Amino acid sequence: GCAVSSVIIKGVNNEFASVPGVVEDVMQLVLNIKQIVIKNKSGKPGTMRLQVNGPATVKVSDIKPEDHLELVNGDHVLAHVATDGILDITFFVENGRGYREAQWPADKALAEDGRIYLDAMFSPIRRVSYDVEKTRVGGEIDYDKLTLNVVTDGSEHPVEVTHYAVSVLRTQLEHFLGKPEIPFNEISREQAAAAPIETVVAPEKVEAVEEGEQKPLNMLLRPIEDLNLSVRAYNCLVHAGIKRVIDLVNLSREAALKIKNLGSKSLKEIDDVLQKYHLHIGMNVSEAEANAQEKEMQATGHAPAHDDAEDFADEENDEFENDEDQE
């Protein structure tokens, strides 16, 4: 998340002072500043400015942030400025994870620029609780109901937070699952026996395995699900509006790195998967080229043809005409 890590309050150089014309002392002012909720659109550090002449009730909405910073709780009161009072503050905003103590210089009692360092709570999560209780489903009474309560500071939506947490957890735990058809308990084992899992392999992939190499497939017009990416990389691409392989390869590397939560590790995973199909990011392939490649591969037998149903219908019509002639 994002939080204010330090401030410069004009006229003071430590948190135990007072500002002339301001009702709150610096300690109370710092505590109010720590409750500012900020949403960072780019993940980069930034600054914010506040300059108020009294009399006035200073709120978060009076602060002027940089373009990539958004203030969430605009009604939060920071201070009360009396007549002839002036409150001038420069805020320094950083991104981080969890809780971080104030980064005071170890060799100096006071900062030269009068900066006051704050301990910051970067996480947007304020509280998480859950409750499990027995519930009834039809005639069965041995089911459990999970109630999950997620409270955030408003910079992130609780649903998005929960989705991201589940994505991370699933990515970590899937390494323990050797085969996807392994049943987890007796119930799933009975269901698996009743409806066995069938693995369908495309003919071109079978041929490639038999020859010991991966043949180039026309993946451009296929959905990104066919790339079998990890859950984290897949979710990042879907949230960015990338649903087909052609949309992915047409991205520049700079644009790919700007996708939210898509780090260099996930980007390397995408590069390795695309390399198997002789593809890479930044190809700039047009729809016309992709359609032409699709038709060419259908003609050479490397892709499934779309007119099989029409051929089958033609054969049925021929047999029907022959029956009429015989009658």
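The following refers to the structure shown. (Residues numbered from 1 in each chain as written. Predicted model: local features only at pLDDT ≥ 70, side-chain atom pairs only at ≥ 80, totals over all residues. Heavy atoms only, no water.)

Right, let's get into the overall build of the protein chain. Scanning the protein chain from terminus to terminus reveals ten helices and 13 strands. Looking at the protein chain as a whole, 30% of its 327 residues qualify as buried. Taking contacts inside the protein chain between residues at least 6 apart in sequence as the whole, the part at least 24 apart equals 61%. Of the roughly 21500 Å² of accessible surface on the protein chain, a fraction of 51% belongs to carbon and sulfur atoms. (Helix = DSSP H or I, 4+ residues; strand = E, 2+ residues; numbered from the N terminus. Buried < 20%, exposed > 50% of the residue type's maximum accessible area, 1.4 Å probe, protein only. Contact = heavy atoms within 4.5 Å. Areas by Shrake-Rupley, 256 points an atom, 1.4 Å probe, with all protein chains shown as cover.)

Before going further, it helps to examine the pairing of strand E13 (residues 140–152). The pairing of strand E12 (residues 125–137) with E13 spans eleven bridges and is antiparallel. Pairing of glutamate 133 across the sheet is with lysine 145, part of E13. Counting the residues in the hairpin turn of E12 and E13 gives two residues, including glycine 138, whose phi is positive at 65°. (Pairing = 2+ DSSP bridges.)

Time to look at the layout of surface pockets. Taken as a whole, the largest pocket encloses approximately 1700 Å³ of empty space. Residue lining of the largest pocket: 46 residues in total, with Arg97, Tyr164, Lys260, Asn261 and Leu262 positioned closest to the centre. Secondary structure elements with two or more residues in the lining of the largest pocket: strand E2 (38–40), helix H2 (158–173), helix H5 (231–239) and helix H8 (264–276). Per-element tally for the lining of the largest pocket: the top contributor is H2, with eight residues. Partitioning the lining of the largest pocket into residue classes produces 13 nonpolar, 20 polar and 13 charged. (1 Å grid on protein atoms, 1.4 Å probe; cavity = no way out; pocket = protein on both sides within 12 Å on 5 of 7 lines; lining within 4 Å. Points joined across faces, edges and corners; volume = space filled by probe spheres on them. Nonpolar A, V, L, I, M, F, W, Y, C, P; charged D, E, K, R; others polar.)

What follows concerns the environment of isoleucine 125. Checked against the element boundaries, isoleucine 125 lands in strand E12. Relative accessible area serves as the criterion here: at 23%, isoleucine 125 is assigned to the partly exposed category. If we skip the residues at most four places from it in the chain, isoleucine 125 touches Val151, Thr152 and Val161.

Here H5 has its buried residues at Val231, Ala233, Cys236 and Leu237. At its buried positions, H5 is contacted by H2, helix H6 (245–249) and H8. Two residues or fewer past H5, glycine 241 is found with a positive phi of approximately 85°.

Before going further, it helps to spend a moment on the side chain of asparagine 40. In this structure, asparagine 40 sits in strand E2. A polar contact of 3.1 Å, which involves the side chain of asparagine 40, links it to the backbone nitrogen of serine 42. (Polar contact = N/O pair within 3.5 Å; in protein donor to acceptor, adjacent residues only side chain to side chain.)

What follows deals with unusual backbone geometry. A cis amide bond, omega 0°, links glycine 54 with the succeeding residue proline 55. Residue position: proline 55 is located in the loop between strand E3 (46–53) and strand E4 (56–59). One non-glycine residue with positive phi stands out, namely aspartate 84, at about 70°. Mapping aspartate 84 onto the fold places it in the loop between strand E7 (77–81) and strand E8 (86–95). Despite not being glycine, histidine 278 has its phi angle at roughly 60°, a positive value. Along the polypeptide, histidine 278 turns up in the loop between H8 and helix H9 (287–300). For histidine 278, a relative accessible area of 53% corresponds to the exposed category.

With that out of the way, let us pick up the sheet that holds E8. Strands belonging to one sheet form pairs held by backbone hydrogen bonds; the direction of such a pair is parallel or antiparallel. Strands sit in the order E5-E3-E8-E1-E10 across an open sheet of five strands; the sheet is antiparallel. Strands at the two margins of the open sheet, each flanked by one partner only, are strand E5 (64–65) and strand E10 (115–117). Two elements, E3 and E8, share eight bridges in a ladder whose sense is antiparallel. Of the residues in E8, the one forming a bridge with threonine 47 is phenylalanine 92.

The first and last C-alpha atoms of H8 sit 19 Å apart over 13 residues, in line with the 18 Å expected at 1.5 Å per residue. Those residues of H8 lying buried are Ser266, Leu267, Ile270, Val273 and Leu274. Buried residues of H8, seen end-on, are gathered within an arc of 125° and therefore sit on one face of the element. For H8, the exposed residues set more than 90 degrees away from the buried face come down to Ser264, Lys265, Lys268, Gln275 and Lys276. The inward-facing, buried residues of H8 contact H5, H6 and helix H7 (253–257). Just downstream of H8, histidine 278 is the residue with a positive phi angle, here 60°. (Expected span 1.5 Å × (residues − 1). Arc of directions from axis to C-beta.)

All right, on to a nonpolar patch on the surface then. A cluster of nonpolar side chains, contributed by Val128, Tyr130, Val132, Leu146 and Leu148, occupies part of the molecular surface with about 540 Å² of accessible area. For the nonpolar patch, the element with the highest residue contribution is E12, accounting for three residues. Within the fold, valine 128 resides in strand E12. (Patch = residues over 30% accessible without salt bridge, like charges linked within 9 Å, V, L, I, M, F, W, Y side chains within 5 Å. Salt bridge = Lys/Arg side-chain N within 4 Å of Asp/Glu carboxyl O.)

Next up on the list: the pattern of salt bridges. Inspection of the entire model under this criterion finds eleven salt bridges. With a shortest N-O distance of 2.8 Å, arginine 49 and aspartate 88 are connected by a salt bridge. Taken together, the residues span a long stretch of sequence, with arginine 49 in strand E3 and aspartate 88 in strand E8 at a distance of 39 residues. Two residues, glutamate 94 and arginine 100, come together in a salt bridge whose shortest N-O distance is 3.1 Å. Taking relative accessible area as the criterion, glutamate 94 reaches 29% and is therefore assigned partly exposed. For arginine 100, a relative accessible area of 25% corresponds to the partly exposed category.

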